[in-house]
Amino acid sequence: MTVQPHIRIEKVSKVFRTGGSEVAALDDINLDIKAGEFICLLGPSGCGKSTLLNTVAGFSLPTSGVVRVHGETVRVPGPDRGMVFQEYALFPWMTVEKNIAFGLEIQKQGRAQIAGKVDALLEMLKLQDFRGRYPKDLSGGMRQRVAIARVLALDSPIMLMDEPFGALDSLTRRNLQDELLRIWMEYRKTIIFVTHSIEESIYLADRIIVMTYRPGRIKQDVSVTMPHPRDPSSAEFNDLKKELGMLVMEEQSRHNQEEIKAPVAD
């Protein structure tokens, strides 16, 4: 019996219309993602990675084609798809504890149930000592831990992550990558993770979807078979890094050539 994919992206195209002009962001994207897979979308700026993520989230409808989650067409955001942004998206007037509890309160869960979930997440993400702090008092890494905890609190089976570690220093980034892998292995969430970093994609993903420069198409679907934890200094890791680097640089060169012909804002 054929197992239905958790997420199916079928013939998805997206055209943005502004000021009488059109920009094709995505063109004929077809992708099946199984439950529990960790997928990285990789490519240069302008390849439509975030646009594709937003269509899965339900923030942006495709111009043509369809996104299905568990066979249901995605038309709006839903609690089955939790989103983690690069900008943290925390409420600055709420403490760490209140930020994590917010979605549970909206769902009208019981006070004791909320407290139990929040306490468990504070411990899991090493935030116990910061529960009463406000986002302005936290480092970037701590803010992103809170953002991840808030998504985990809702127990969404799908986590959508838009360059969540892109603004962090390299040590904090690696620590959070390891934390995310631990969470993924324990809870087997389905994760779609947008990144510019070739090394990050190899370190994290089951599959890496390399996208072309605008309009975004799937250039190559690369399986990563190395077991976790992965060693970035290993020959296998660096062979794959070289292969992916060539694919991405081809698209970066196209990007650069297009900018020379007709410069556009990033």
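If you're wondering where the values come from, they're calculated on a predicted model, not measured in any experiment. (Residues numbered from 1 in each chain as written. Predicted model: local features only at pLDDT ≥ 70, side-chain atom pairs only at ≥ 80, totals over all residues. Heavy atoms only, no water.)

(A) Structural detail: the packing of helix 2 (residues 96-106) against helix 3 (residues 111-124). Between helix 2 and helix 3, whose axes approach to 10 Å, the crossing angle comes to 135°. One element, helix 2, and the other, helix 3, form an angle in the oblique class. The chirality of how helix 2 crosses helix 3 is right-handed. Two secondary-structure elements touch here, helix 2 through Val96, Glu97, Ile100, Ala101, Leu104 and Glu105 and helix 3 through Ile114, Lys117, Val118, Leu121 and Leu122. Partitioning the contact of helix 2 with helix 3 into residue classes produces eight nonpolar, no polar and three charged. (Axes fitted to C-alpha atoms, helices over the stretch in contact; angles between N-to-C directions. Helix = DSSP H or I, 4+ residues; strand = E, 2+ residues; numbered from the N terminus. Parallel < 35°, antiparallel > 145°, perpendicular 65-115°, else oblique. Left-handed = near helix turned anticlockwise from the far one by under 90°. Contact = heavy atoms within 4.5 Å. Nonpolar A, V, L, I, M, F, W, Y, C, P; charged D, E, K, R; others polar.)

(B) Representation of the domain arrangement of the chain in the model. For the chain, the assigned domains are domain 1 (7-80 + 158-261) and domain 2 (91-155). Look at where the C-alpha atoms of domain 1 and domain 2 centre, and you get two points 26 Å apart. Domain 1 puts 14 residues into the contact, and the matching count from domain 2 is 12 residues. Interface area for domain 1 against domain 2, summed over the two sides, is near 1,100 Å², with a carbon-plus-sulfur share of 68%. Where domain 1 meets domain 2, there are three salt bridges. Note that Glu179 and Arg145 form a salt bridge whose closest N and O atoms lie 3.5 Å from each other. Inspection of the domain 1/domain 2 interface yields three residue pairs in polar contact (both at pLDDT 80 or more). For the side of domain 1 that touches domain 2, the secondary-structure elements that each account for two or more residues are strand 7 (158-162) and helix 5 (170-187). At seven residues, helix 5 tops the list of elements feeding residues into the side of domain 1 that touches domain 2. Here the side of domain 1 that touches domain 2 is built from residues that sort into nine nonpolar, two polar and three charged. (Domains from an automatic or database assignment. Buried area = accessible area lost by both parts, 1.4 Å probe. Salt bridge = Lys/Arg side-chain N within 4 Å of Asp/Glu carboxyl O. Polar contact = N/O pair within 3.5 Å; in protein donor to acceptor, adjacent residues only side chain to side chain.)

(C) The packing of aromatic side chains, seen in detail. Following the criterion strictly, the structure yields six aromatic pairs and no others. Aromatic pair Phe91 and Phe102: ring centres 4.7 Å apart, planes at 65°, arrangement edge-to-face. Of this pair, Phe91 sits in the loop between strand 6 (81-85) and helix 2 while Phe102 sits in helix 2; the two residues are 11 residues apart in sequence, bridging distant segments of the chain. For Phe91, a relative accessible area of 24% puts it in the partly exposed group. (Phe/Tyr/Trp six-rings, centres within 6.5 Å; stacked < 30°, edge-to-face > 60°. Buried < 20%, exposed > 50% of the residue type's maximum accessible area, 1.4 Å probe, protein only.)

(D) Structural view of the environment of Ser50. Mapping Ser50 onto the fold places it in helix 1 (residues 49-57). Sequence separation between Ser50 and Glu163 is 113 residues, and the spatial gap between their C-alpha atoms is 8.8 Å. Filtering out sequence-adjacent residues up to four positions away, Ser50 remains in contact with Asp162 and Val194. Within the local environment of Ser50, its side chain forms a polar contact with the side chain of Asp162, the two groups lying 2.9 Å apart.

(E) Geometry of the sheet that holds strand 1 (residues 7-18). Spatially, 2-1-4-5 is the arrangement adopted by the four strands of the open sheet, whose pairing is antiparallel. Every interior strand has two partners, whereas the edge strands, strand 2 (21-33) and strand 5 (72-73), have only one. Bridge count for strand 1 against strand 4 (residues 64-69) is five bridges, and the pairing is antiparallel. Residue pairing for strand 4: Arg8 is matched across the bridge by Arg68. (Pairing = 2+ DSSP bridges.)

(F) Structural view of the pairing of strand 4. Both strand 4 and strand 5 contribute to a ladder of two bridges, which runs antiparallel. Bridging across to strand 5, Arg68 finds its partner in Thr73. Taken together, strand 4 and the strand that follows it, strand 5, pair antiparallel across an intervening segment of two residues, in which His70 is found at a positive phi of about 50°.

(G) Here's a closer look at helix 1. Burial analysis of helix 1 places seven of its nine residues in the buried class, which makes it a mostly covered element. For helix 1, the complete set of buried residues consists of Lys49, Thr51, Leu52, Leu53, Thr55, Val56 and Ala57. With its phi angle positive at about 90°, Gly58 sits one or two positions after the end of helix 1.

(H) A look at the packing of helix 4 (residues 140-153) against helix 5. One can describe the packing of helix 4 onto helix 5 by two numbers: an axis separation of 10 Å at closest approach and a directional angle of 15°. Judged by the angle between their axes, helix 4 and helix 5 are roughly parallel. Considering how the two elements wind past one another, helix 4 and helix 5 form a crossing that is right-handed. Of the residues in helix 5, those touching helix 4 at Gly141, Gln144, Arg145, Ile148 and Leu152 are Thr172, Asn175, Leu176, Glu179 and Ile183.

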